[in-house]
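Descriptive analysis of the structure
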Amino acid sequence: MRTNLILAFCLSLILFSFRKPVAPIVHYKLIPDSSLIVWYCQENSSMHSGSFLFTGGNFTIENNLLTAGNFELDMKSLVDNDIRNVDQNTILVNRLKSTNLFNTTDYPRARFIINKAVHLSGQQYELEANMTIKGHTRPVRMQIAIALKDGMLGIVSTDMLIEGVQFGLKTGSQPESKEPDLKNFKIKISQLYAAKSK
């Protein structure tokens, strides 16, 4: 009887040693003051660029791979960085914030929620996500690269086209309108830093 107990104990130790280790799950919280998302759009033959600020976000890393995440943008923080003339700069920014476009008064936040993070290779991922702009939620894809070091997560992305018609944005000039045509609105994560949650 004693021999059987010893054998059973030894067998359990052997089986336990072959169990796969539980993958560590680490949560990261976005640092708004150190993060920035940039935008680009075309006005007739001219290109414009500017930025938005993040309000927050959270990301999950499991076994050193990104598995989930989300972030939120402060749409009222929209600025243009290329027009030097103050009056012209204000005109463009006000148009982008107007009811025809982002309507930042009624919709001050935009949200990005990752549904699936597809690991391509190395640090590269393709994100399948839901983007909410101006009260409209639509599926989008974004290509990103991540970096992990010393309890910090860094993320940058390639350009992502915002399909204006899907989000209720009137990006094209109407025939009766005297406003310039704004089109090809794109966003890109220029820098995103998140700290490991304690």
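Residues numbered from 1 in each chain as written. Predicted model: local features only at pLDDT ≥ 70, side-chain atom pairs only at ≥ 80, totals over all residues. Heavy atoms only, no water.

1. Quick look at the overall build of the protein chain
When its secondary structure is counted, the protein chain shows 2 helices and 10 strands. Overall, the protein chain shows an N-to-C arrangement of helices and strands of α-β-β-β-β-α-β-β-β-β-β-β. Classification of the 198 residues of the protein chain by burial places 35% in the buried group. If you take every contact in the protein chain between residues at least 6 apart in sequence, the share linking residues at least 24 apart comes to 61%. Total accessible area on the protein chain is roughly 12,000 Å²; 53% of this is exposed by carbon and sulfur atoms. (Helix = DSSP H or I, 4+ residues; strand = E, 2+ residues; numbered from the N terminus. Buried < 20%, exposed > 50% of the residue type's maximum accessible area, 1.4 Å probe, protein only. Contact = heavy atoms within 4.5 Å. Areas by Shrake-Rupley, 256 points an atom, 1.4 Å probe, with all protein chains shown as cover.)

2. Examining the nonpolar core
Soluble globular proteins tend to bury their nonpolar side chains together. Judged by nonpolar contacts, the single largest core of 46 residues is most densely connected at Phe-59, Leu-66, Phe-71 and Phe-112. The element contributing the most residues to this core is strand E10 (residues 182–196), with 6 residues. Setting aside chain neighbours within four positions, we find Phe-112 in contact with Gly-69, Asn-70, Phe-71, Leu-127, Ala-129, Asn-130, Met-131, Val-140, Met-142 and Met-160. (Core = buried A, V, L, I, M, F, W, Y, C linked by side-chain atoms within 4.5 Å.)

3. Some thoughts on helix H2 (residues 86–97)
The end-to-end C-alpha distance of H2 is 16 Å, a good match for the 16 Å that 12 residues give at a rise of 1.5 Å each. Buried within H2 are the following residues: Asn-89, Leu-92, Val-93, Arg-95 and Leu-96. One side of H2 carries all its buried residues, which in axial view fall inside an arc of 160 degrees. Opposite its buried face, H2 presents the exposed residues Val-86, Asp-87 and Ile-91, each directed more than 90 degrees away. (Expected span 1.5 Å × (residues − 1). Arc of directions from axis to C-beta.)

4. Some words on the confidence of the model for the protein chain
Overall, the prediction assigns the protein chain a mean pLDDT of 88, with 84% of residues at 70 or greater. Averaged pLDDT values for the elements of the protein chain fall to 52 in helix H1 (residues 2–17) and rise to 98 in strand E6 (residues 124–133). (pLDDT = per-residue confidence, 0-100.)

5. Let's talk about the pattern of salt bridges
The final tally for this structure, using the stated rule, is 5 salt bridges. Close ionic contact of Arg-109 with Glu-72 constitutes a salt bridge, the shortest N to O distance being 3.5 Å. You can see Arg-109 sitting in strand E5 (residues 109–121) and its partner Glu-72 sitting in strand E4 (residues 65–80), a full 37 residues away along the chain. By relative accessible area, which is 33% here, Arg-109 ends up partly exposed. Close ionic contact of Arg-141 with Glu-128 constitutes a salt bridge, the shortest N to O distance being 3.3 Å. With Arg-141 in strand E7 (residues 136–149) and Glu-128 in strand E6, this pair connects stretches of sequence that are 13 residues apart. (Salt bridge = Lys/Arg side-chain N within 4 Å of Asp/Glu carboxyl O.)

6. Here we look at the side chain of Ser-51
By the element assignment, Ser-51 lies in strand E3 (residues 46–62). In this view, Ser-51 contacts Leu-36, Ile-37, Val-38, Trp-39, Ser-77, Leu-78, Val-79 and Asn-81; residues no more than four positions away in its chain are not counted.

7. Topic: unusual backbone geometry
Positive phi, close to 55 degrees, is recorded for Lys-134, a residue that is not glycine. One can find Lys-134 in the loop between E6 and E7.

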